[in-house]
Amino acid sequence: MLMKASYMRMNPKYKSLYNALSYTSNRHGFRISYGYDIIKDKLSTGVFYKRLTELESIIKSEPELKKRFSTVSLGTSITPIKHFSIRASYILQSSQRDERSGWGKIDNTMQSINVDFTYNVARESSLTFKYRYINHRDKVNTASDYQANITSVLFSTQF
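Residues numbered from 1 in each chain as written. Predicted model: local features only at pLDDT ≥ 70, side-chain atom pairs only at ≥ 80, totals over all residues. Heavy atoms only, no water.

Colleague: Even after reading the chapter, I still don't get the packing of aromatic side chains, so can you show me in this structure?
Modeller: Under the counting rule described, the total for this entry stands at three aromatic pairs. Between Phe-30 and Tyr-49, the ring centres sit 5.8 Å apart and the planes meet at 50°, which makes this aromatic pair tilted. With Phe-30 in strand β2 (residues 27–39) and Tyr-49 in strand β3 (residues 43–54), this residue pair connects regions lying 19 residues apart in the sequence. Its relative accessible area of 25% is what places Tyr-49 among the partly exposed residues. Members of the aromatic cluster, joined through ring pairs, are Phe-84, Phe-117 and Phe-129. When the ring centre of Phe-69 is taken as reference, the NZ or CZ atom of Arg-27 above it lies at 3.5 Å. (Phe/Tyr/Trp six-rings, centres within 6.5 Å; stacked < 30°, edge-to-face > 60°. Helix = DSSP H or I, 4+ residues; strand = E, 2+ residues; numbered from the N terminus. Buried < 20%, exposed > 50% of the residue type's maximum accessible area, 1.4 Å probe, protein only. Lys NZ or Arg CZ within 6 Å of the ring centre and 35° of its normal.)

Below is the structure:
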C-alpha cells in the first residue's frame, strides 16, 4: 500500500519545466494518491484526487470569483502473463467558477477512459498499444464540446 499527499502553490508568474500539466501557474491546492498491490507484480489498483483553486482571479473586475479545478482518477493494472500487462483507468476532470451564492456551477467536464496493452520485448524495450476515449462538455460554450477516440502504438527502448 502506498499513499501520497501534497499541497501545491504556484504563484501567478510561475513557469513549469517542460510545461507540466500538474504544475500550472496561479493555482494552489492539494493532491492525494493511493495505490495498493492486490497481488504483488500481478494486480494493483489506485485512486488519485487533485483540487486546485486560482490564487488570483483572472476576472479583474470581480477578484473574488476564483476558478476551481478538480481531477479524480481510478485505475487498475493486471499482468496476466509474464512480460504482458494491461492498464485501465477512468479520469474525470472539471472546472467551475465560484459564484457569490456558494459552491458555483460546473463550467466544463472531461471524462477519459484509457486502456494500455504493453508487451515487454526485452529488459529495457516495450511495445504498447494505447486506446483513449475522451468526452468533453463545456456548459459555457457548447461549441467547444467534443468526443475523441485516440489510438496509438509506442515502441520504447533504453540504451
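Here the narrative resumes.
Colleague: Help me understand the environment of Lys-42 in this model?
Modeller: Relative to the elements of secondary structure, Lys-42 occurs in the loop between β2 and β3. You can call Lys-42 partly exposed: its relative accessible area is 39%. Along the primary structure Lys-42 and Leu-21 are separated by 21 residues, whereas in three dimensions their C-alpha atoms are 30 Å apart. What Lys-42 contacts, discounting residues up to four positions off in sequence, is Ser-77, Ile-78 and Thr-79. (Contact = heavy atoms within 4.5 Å.)

Colleague: Looking at this model, I keep getting lost on unusual backbone geometry. Mind explaining?
Modeller: The phi torsion of most residues other than glycine is negative, and most of the peptide bonds are trans. One non-glycine residue with positive phi stands out, namely Asn-26, at about 65°. Take Asn-26: it is sitting in the loop between β1 (2–10) and β2. Given the relative accessible area of 10%, Asn-26 is considered buried.

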